Amino acid sequence: MRVAAVFAALTAVSLLGGCDAPWDDGGDRIETARDFPPADRPVAPITSTKWSTEEARDRVNEAEDVMDSADVRPGMTVADIGAGDGYYTVRLAQRVGEHGRVLAQDIMPEVIERLADRVARNRLDNISLKLGAVDDPRLPAASFDRVFMVHMYHEIGEPYAFLWRLRPALRRGGQVIVVDGDRPIAQHGTPFRLLVCEFEAVGYKLVSYDDKQHAGGYLARFVPAGTRPDPDAITVCDNP
């Protein structure tokens, strides 16, 4: 486990921007996102790194059910985007086993520090940590069988740039797994129609939808489809 590398990254990379409002003015957006259109919708603030308690989530078998629906198997390499305190990270690590890998990513340095402590304390040697950015998950290319985004999509401030830069990280047959609530972004969810539209706008297609009320909403699976559009060719979705 490369904890030392994590802390080196924390000193080199600063947290980029806030996520509590839509960026509709080029001067308010970070430089690396300005080739992409801004989302025509609000962005939910990051109010907590916990959606619910781990004990409550385990009582309804949330992680096991979601991992089953996502077909996570031993030996896979999986990314947990917006990992927070690591509820899915540690359970994914157990599922993929010693021959698999999990990369836990978050944009908040203090969250990565806490998660690094948990990983080291529990000797979870198949987990690595990564500091991401609001417009870029910063994942290595052609590396992941599954990318999880659980109760965090509504907090992404630059969804078109983020999803566009995420796509090359998937291996052949790789999937992006989104768990979120089908409700307005202001209520910390993502309307399902909007989610599908934003993914399709940057070259993904929906392959399945599952009702997961015990996990707080729905589970959607996406795969790359066709060619990835040029940033200036992306069509912005209307917020329903």
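Everything below is about the structure shown above.
Notes on the structure in this doc start here.

Parameters at a glance
- Here, residues in each chain are numbered from 1, in the same order as that chain's written sequence.
- With the structure being a predicted model, the display of local features is reserved for residues of pLDDT at least 70 and the display and counting of side-chain atom pairs for 80 or more, all residues being used for whole-chain, interface and lining totals.
- Only hydrogens and water are removed before side-chain values are computed, so all heavy atoms of the structure are retained for them.
- Only Phe, Tyr and Trp rings are paired, with Trp represented by its six-membered ring, and only when their centres lie within 6.5 Å; those with planes under 30 degrees apart are stacked, over 60 edge-to-face, the remainder tilted.
- Lysine and arginine charges are scored as sitting over a ring when NZ or CZ, respectively, is within 6 Å of the ring centre and within 35 degrees of the ring normal.
- Runs of E in the DSSP output that reach at least two residues are strands. Runs of H or I that reach at least four are helices, and both are numbered from the N terminus.
- Between the first and last residue of a helix there are one fewer steps than residues, each counted as 1.5 Å, and that sum is the expected span.
- For the exposure calls, accessible area comes from a 1.4 Å probe over protein chains only, and a residue counts as buried if that area is under 20% of its type's maximum, exposed if over 50%, partly exposed in between.
- Residues grouped as a nonpolar core are buried Ala, Val, Leu, Ile, Met, Phe, Trp, Tyr and Cys residues, joined through side-chain atoms within 4.5 Å.
- For this analysis, residues touch if any pair of their heavy atoms sits within 4.5 Å.
- Think of a polar contact as two N or O atoms within 3.5 Å of one another; within protein, one of them needs to be a possible hydrogen donor and the other a possible acceptor, and neighboring residues in sequence only count if both atoms come from side chains.

As enumerated under the stated definition, the model contains nine aromatic pairs in all. Taken together, the ring pairs connect Y153, F199, Y204 and F222 into an aromatic cluster. The aromatic ring of W164 is capped on one face by R228, whose charged end is 3.5 Å from the ring centroid.

A few words on helix α5 (residues 109-121). An ideal rise of 1.5 Å per residue puts 18 Å on 13 residues; α5 measures up with 18 Å between its terminal C-alpha atoms. For α5, the set of buried residues is P109, V111, I112, L115, A116, R118 and V119. Two residues or fewer after α5 comes R123, characterised by a positive phi angle close to 55 degrees.

Before going further, it helps to spend a moment on the nonpolar core. Ranked by size, the top nonpolar core spans 37 residues in total, and within it V147, M149 and V176 carry the most contacts. Contributing elements (two or more residues each) for this core: β1 (77-81), β4 (144-150), α6 (159-166), β5 (170-180), α7 (192-201) and β7 (217-224). Once residues lying within four places of it in the same chain are set aside, the contact partners of M149 are I81, I156, F162, L163, L166, V176, I177, V178 and V179. With 30 residues, the next largest nonpolar core counts Y88, A104, L124 and V179 among its residues.

As a further point, take the environment of Y218. Looking at where Y218 falls in the secondary structure, it is placed in strand β7. Given the relative accessible area of 1%, Y218 is considered buried. Separated by 37 residues in sequence, Y218 and G181 have C-alpha atoms that sit 6.1 Å apart. In contact with Y218, other than residues within four places in its own chain, are V178, V179, D180, G181, D182, T190, P191, F192, L195, Y209, D210 and K212. At 2.8 Å, the side chain of Y218 forms a polar contact with the backbone oxygen of T190.

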